[in-house]
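Spelled out from the first residue to the last, the chains are:
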Amino acid sequence: MEYRTQKILLTGKISDELRDYFVWLCHQSNNLYNSVLYQVRQSHFEICPTYEYFDEAQMYRTAYKDRLVKASYAQLCKDFKDNKHYQALGGQSAQQSIKSVVEAISSYNKLIRAWWRGELNNKPKVPSYRTSGGMYQVVFTAQNSDYDDIAGGCRLSISRANKSELTTSE
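Our subject in this report is the structure included herewith. (Residues numbered from 1 in each chain as written. Predicted model: local features only at pLDDT ≥ 70, side-chain atom pairs only at ≥ 80, totals over all residues. Heavy atoms only, no water.)

## Quick look at unusual backbone geometry
- Positive phi outside glycine occurs at Gln 58, with the angle close to 60°.
- Mapping Gln 58 onto the fold places it in the loop between β1 (50-54) and β2 (60-64).
- Owing to a relative accessible area of 58%, Gln 58 belongs among the exposed residues under this scheme. (Helix = DSSP H or I, 4+ residues; strand = E, 2+ residues; numbered from the N terminus. Buried < 20%, exposed > 50% of the residue type's maximum accessible area, 1.4 Å probe, protein only.)

This is how it looks when you write it as structure tokens:
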């Protein structure tokens, strides 16, 4: 099976309405990423034990013990399928944003294991949130897009939640 990724840059050939729609989708993707990461982080900190100590300045501190963060892609998709940002993006594009969170958590887990083995000098941090109001990538898979090399056009699917607001032209 051949996998192919194609990055298509939008140029001045699109309408302002379409550009605004893509910017809105990127905001929805950013919000979904932060929502999913919030749930993962909160569930991690709920089960993560703490320890107490005095630092170098003899200040009393409390910290979380270093543990791996658990994140199940299938469970997160199930938990967020009714989320307004998930609905706005549509199934497959929203799932790709959730997959990005799971990949970030997986990378953290690999780094924390390396730190435990002494392979890293600095302790890694749990992935942090993206900038509020920012934009994040929206991924259209081969199943929810159709690219025509000959005509030079691309047909992207629109989520059911947005179809009534948008008009399509053939």
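## As for the nonpolar core
- Leu 32, Val 36, Leu 76, Phe 80 and Ile 98 are the most contacted members of the largest nonpolar core, which totals 23 residues.
- Contributing elements (two or more residues each) for this core: α1 (16-47), α2 (73-80), α3 (84-89) and α4 (91-116). (Core = buried A, V, L, I, M, F, W, Y, C linked by side-chain atoms within 4.5 Å.)

## Side note on empty space enclosed by the protein
- The final tally for this structure, using the stated rule, is 1 cavity of 30 Å³ or more.
- Counted as a void, the largest cavity has a volume near 40 Å³.
- Lining the largest cavity, in full, are Tyr 21, Leu 25, Ala 88, Leu 89, Ser 93, Val 138, Phe 140, Ser 157, Ile 158 and Ser 159.
- Those elements that place two or more of their residues in the lining of the largest cavity are α1 and α3.
- Taken together, the residues of the lining of the largest cavity sort by class into 7 nonpolar, 3 polar and no charged. (1 Å grid on protein atoms, 1.4 Å probe; cavity = no way out; pocket = protein on both sides within 12 Å on 5 of 7 lines; lining within 4 Å. Points joined across faces, edges and corners; volume = space filled by probe spheres on them. Nonpolar A, V, L, I, M, F, W, Y, C, P; charged D, E, K, R; others polar.)

## Quick look at the pairing of β1
- Relative to β2, β1 is paired through 5 bridges, and the arrangement is antiparallel. Its bridge partner being in β2, Thr 50 is matched across the sheet by Tyr 64.
- Once β1 ends, the chain turns through 5 residues before running back antiparallel as β2, passing Gln 58 with a positive phi of about 60°. (Pairing = 2+ DSSP bridges.)

## Brief notes about the pattern of salt bridges
- Taken as a whole and assessed by the stated rule, the structure comprises 4 salt bridges.
- Across the pair Arg 19 and Asp 20 runs a salt bridge, and its minimum N-O distance is 2.9 Å.
- Taking the relative accessible area as the measure of exposure, Arg 19 reaches 42% and is therefore partly exposed.
- According to the relative accessible area criterion, Asp 20 is partly exposed, its value standing at 40%. (Salt bridge = Lys/Arg side-chain N within 4 Å of Asp/Glu carboxyl O.)

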